[in-house]
2 protein chains.
Amino acid sequence: MKAVVLKDKVQFGEDRKAPLYVEEVETPQPRKGEVLIRLRNAALNRRDVFIRYGAYPGIEVPSIPGSDGAGIVEAVGEGVQGFEKGNKVVVNPQMDWGDNPDFPSKKQSILGVPRNGTFAQYVTVPAENVFPKPEHLSFEEAAALPLGGLTAYRAVVTKGKVKEGDTVIIPGIGGGVANFALQIAAAKGAKVYVTSSSDAKIENAVKDGAFGGVNYTSDNWVKELKELSGGADVSIDSIGGETFNDLISLAKPASKIVSFGATRGPVNNVVMPRIFFKQMEIHGTTMGNPAEFKDMLSFYSNHKLKPKIDSVFPLEKIEEASDKMDQGSLSGKIVISIPE
Amino acid sequence: MKAVVLKDKVQFGEDRKAPLYVEEVETPQPRKGEVLIRLRNAALNRRDVFIRYGAYPGIEVPSIPGSDGAGIVEAVGEGVQGFEKGNKVVVNPQMDWGDNPDFPSKKQSILGVPRNGTFAQYVTVPAENVFPKPEHLSFEEAAALPLGGLTAYRAVVTKGKVKEGDTVIIPGIGGGVANFALQIAAAKGAKVYVTSSSDAKIENAVKDGAFGGVNYTSDNWVKELKELSGGADVSIDSIGGETFNDLISLAKPASKIVSFGATRGPVNNVVMPRIFFKQMEIHGTTMGNPAEFKDMLSFYSNHKLKPKIDSVFPLEKIEEASDKMDQGSLSGKIVISIPE
């Protein structure tokens, strides 16, 4: 089969990215309990870029990257029930979460390095990680959903407990999880406000269900957003840094900040009385458990939601796609089309 | 009646403390819905010291400080039912919390400046703030309980949801709320670990139900406490500053830090991935709602818990008592005895 292969183990700090080779490799066979999927589409995540820089624990080479994917069942291993050749499916990339819904087991991993992932014509995954593709989604759309949709669902629904009428603030709307969080929160009936450095992205977010937004390059954006929104019941934060303190300013009493990222780095000068006089909660979250993946798919089906797609690249142009994610200012997911 | 009177409105930053005058003032009369209490004991809180420095919003003079108190009903105002002269009672100093258990109303205040408080022979409070004194407690003990017990109860029970078998870390054991938190968490069946700069205080905490503790003047105290405790399910933090990051290091997966104070000031270099990869929660809390006050009294009665008392001063020596709280290293509450 054709696959993208990571061969270099870059030391983080070398300031170079491992090249991605598109090669012929042996097609895997499903072992006991596994499903072999012929992939139609994959999608990129930041994780796939970090791996090229060596900025991820447990990298092994050679291996095939890629966490998100959708395709057609080709074969099933011994003991697998409920799937047969021809089923249209999507993959949950969170492996071995374990029994505790609050926290993953030590065995947990994410599909794609070191376990061979979805940037290939075929992938084998445990049957428990295979789910029927939502009917209203194309393969491209289904492939764009798993990791971002799962992370956003746990952040918005499980941790944020966003409900109808809540005001939700999502700073840094753009490519990834933030877009899924916007879709899910808006579908829950929340009034969602976004921030961006791009007026066009704010306009796009409003088309996608946001109630409004502010451009954070304005000196007064916190004040503007406070007046516009009335303050947040829940903020969904992937930014960290100074923005985190701004979100404390924007928080209503007894409200929540759910954090799953920190693209602006550590947070300084956190004045705890601002948090405790407001009786606030801060919830850290990452990925999601198997029940949340299932619930997320049902939620997308019930609300007929579709992931936002920025662009589609053929598998052969994986480096171009990866570099776009690394440098670019995205409006949705970067999807990979896999040759038949 | 005799009362302590605050007459100076110190501007915060003047670096002086308002003197406390012990004077004869007019005895208050209970208005509609109020109870007049002849106080037997009061107790000091940090708030009473902050007020002398002007470090509190809404100070008005002249007024009588003091939030904590216990005594005997002297008279009741129009419409008050359930109390009569001679009832032994304790006062909930949290006024006008309002209907939302999660957050106090804008009307909320704490007894003692600007509303006349408990450093006096008599005080009038709304009947809803008056509760029967727990029978197993002396007046001294009952007077020591309200503000600290309420704050600790909300922190440990409502926010921390501490349960049997949990490991609880309480940094900075000493005078105030931390001691109540230790008592409540230990009575819940938690293994409580404390920190202090004083070995004697750690030993005392162990006598009071702690499982162990470490001296934080040791360079390796975080590592020592991690080995000793195995990590925290819940930390109850009044310290903030660098200690807050240490509590993140000490946190188990899916655990909580409950914060109600920041004696060491703002927290710097908060690395959010440490919070979200651990799927942690941070809960800010202050004071407590009326149901929590009632539940706290029942909890102290059911478990026959007694507040720890550092020392008892006569009302005339209020400045000496207040200065001890300001400077001192306490082992429990400072109680005031009121002349009959």
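Residues numbered from 1 in each chain as written. Chains lettered and ligands numbered in written order. Predicted model: local features only at pLDDT ≥ 70, side-chain atom pairs only at ≥ 80, totals over all residues.

A look at the relation of the copies chain A and chain B
The operation linking the two copies of the chain is a rotation about an axis combined with a translation along the axis. Rotating chain A by 180° and translating it 0.0 Å along the rotation axis places it on chain B, where the RMSD comes to 0.0 Å. Considering both components of the superposition, the chain copies are consistent with a two-fold axis. In terms of C-alpha distance to the rotation axis, chain A has Asn268(A) as its closest residue, with the C-alpha 2.1 Å off the axis. (Least-squares fit on C-alpha atoms with pLDDT ≥ 70 in both.)

What to know about the packing of helix H3 (residues 146-159) of chain A against helix H9 (residues 290-302) of chain A
Angle between the axes and distance between the axes are the two parameters that describe a pair of packed helices. All names here are of chain A. Contact pair H3 / H9: the axes reach a minimum separation of 9 Å and the direction vectors enclose 90°. When the interaxial angle is binned, H3 and H9 end up roughly perpendicular. Across the interface between the two elements, Gly149, Leu150, Tyr153, Arg154 and Thr158 of H3 pack against Glu292, Phe293, Asp295, Met296, Phe299 and Tyr300 of H9. When grouped by side-chain class, the residues that make up the contact of H3 with H9 number 6 nonpolar, 2 polar and 3 charged. (Axes fitted to C-alpha atoms, helices over the stretch in contact; angles between N-to-C directions. Helix = DSSP H or I, 4+ residues; strand = E, 2+ residues; numbered from the N terminus. Parallel < 35°, antiparallel > 145°, perpendicular 65-115°, else oblique. Contact = placed C-beta atoms within 7 Å. Nonpolar A, V, L, I, M, F, W, Y, C, P; charged D, E, K, R; others polar.)

Section: the sheet that holds strand E11 (residues 191-196) of chain A
Strand order in this open sheet of 12 strands is E12(A)-E11(A)-E10(A)-E13(A)-E14(A)-E15(A)-E15(B)-E14(B)-E13(B)-E10(B)-E11(B)-E12(B), and the pairing throughout is mixed. Edge strands, defined here as strands with exactly one partner in the open sheet, are strand E12 (212-215) of chain A together with strand E12 (212-215) of chain B. With strand direction ignored, the average angle separating the axes of adjacent strands in the sheet is 15°. With 3 bridges connecting them, strand E15 (residues 281-284) of chain A and strand E15 (residues 281-284) of chain B associate as antiparallel partners. Looking at the pairing, His283(A) lines up with Glu281(B) of E15(B). The strands touched by helix H7 (residues 241-250) of chain B within the sheet are strand E10 (167-170), strand E13 (232-237) and strand E14 (251-259) of chain B, with E13(B) carrying the most contacts at an inclination of about 170°. (Pairing = 2+ DSSP bridges.)

Notes on the nonpolar core
Counting 200 residues, the largest nonpolar core has Ala181(A), Leu182(A), Ala181(B) and Leu182(B) as the members making the most contacts within it. What Ala181(A) contacts, discounting residues up to four positions off in sequence, is Ala152(A), Ala155(A), Val156(A), Ile170(A) and Ile236(A). (Core = buried A, V, L, I, M, F, W, Y, C linked by C-beta atoms within 7 Å. Buried ≥ 20, exposed ≤ 12 C-beta atoms within 10 Å, placed from the backbone.)

Topic: the interface of chain A and chain B
By a widely used convention, the size of an interface equals the accessible area lost when the partners come together. Listed as interface residues are 28 residues of chain A and, on the opposing side, 28 residues of chain B. Broken down by secondary-structure element, the contributors of at least two residues to the side of chain A that touches chain B are strand E14 (251-259), helix H8 (272-277) and E15 of chain A. It is H8(A) that provides the largest number of residues to the side of chain A that touches chain B, a total of 5 residues. Partitioning the side of chain A that touches chain B into residue classes produces 16 nonpolar, 9 polar and 3 charged.

Considerations on helix H1 (residues 46-53) of chain B
Residue and element names in this part refer to chain B. Of all the positions in H1, only Asp48, Ile51 and Arg52 are classed as buried. The buried residues of H1 all sit within an arc of 100° when viewed along its axis, so they share a single face. Note on H1: the residue one or two positions beyond its end, Gly54, has a positive phi of about 80°. (Arc of directions from axis to C-beta.)

Examining the domain arrangement of chain A
Residue and element names in this part refer to chain A. One can read the domain layout of chain A as domain 1 (2-145 + 307-337) and domain 2 (150-284). Placing a centre on the C-alpha atoms of domain 1 and another on those of domain 2 gives a separation of 29 Å. Contact with domain 1, which involves 9 residues of that partner, is made by 10 residues of domain 2. By residue class, the composition of the side of domain 1 that touches domain 2 is 2 nonpolar, 4 polar and 3 charged. (Domains from an automatic or database assignment.)

Things to note about helix H3 (residues 146-159) of chain B
All names here are of chain B. An ideal rise of 1.5 Å per residue puts 20 Å on 14 residues; H3 measures up with 18 Å between its terminal C-alpha atoms. Among the 14 residues of H3, 13 are classified as buried, and the element is accordingly described as predominantly covered. In the segment just after H3, Lys161 is the residue with positive phi, at about 50°. (Expected span 1.5 Å × (residues − 1).)

Describing the environment of Ala152(A)
Residues and elements named next belong to chain A. Looking at where Ala152 falls in the secondary structure, it is placed in helix H3. We classify Ala152 as buried; it has 30 C-beta atoms within 10 Å. Sequence-wise, Ala152 and Ile184 are 32 residues apart; in three dimensions their C-alpha atoms are separated by 7.7 Å. The residues contacting Ala152, other than those within four sequence positions of it, are Val177, Phe180, Ala181 and Ile184.

Looking at the environment of Gly261(B)
Residues and elements named next belong to chain B. With respect to the helices and strands, Gly261 occurs in the loop between E14 and helix H8 (272-277). For Gly261, a count of 22 C-beta atoms within 10 Å corresponds to the buried category. Look past the residues within four positions of Gly261 in its chain and what remains in contact with it is Ser238, Ile239 and Gly240.

A few points about unusual backbone geometry
Residue and element names in this part refer to chain A. That bond from Val61 to Pro62 is cis: its omega, -5°, falls within 30 degrees of zero. Relative to the helices and strands, Pro62 resides in the loop between helix H1 (46-53) and strand E4 (68-76). Between Val113 and Pro114 the backbone carries a cis peptide bond, its omega angle lying at 0°. One non-glycine residue, Gln279, lies in positive phi territory at about 55°. With respect to the helices and strands, the residue Gln279 is situated in the loop between H8 and E15. The backbone of Met287 shows a phi angle near 55°, a positive value even though the residue is not glycine. Tracing the chain through its elements places Met287 in the loop between E15 and H9.

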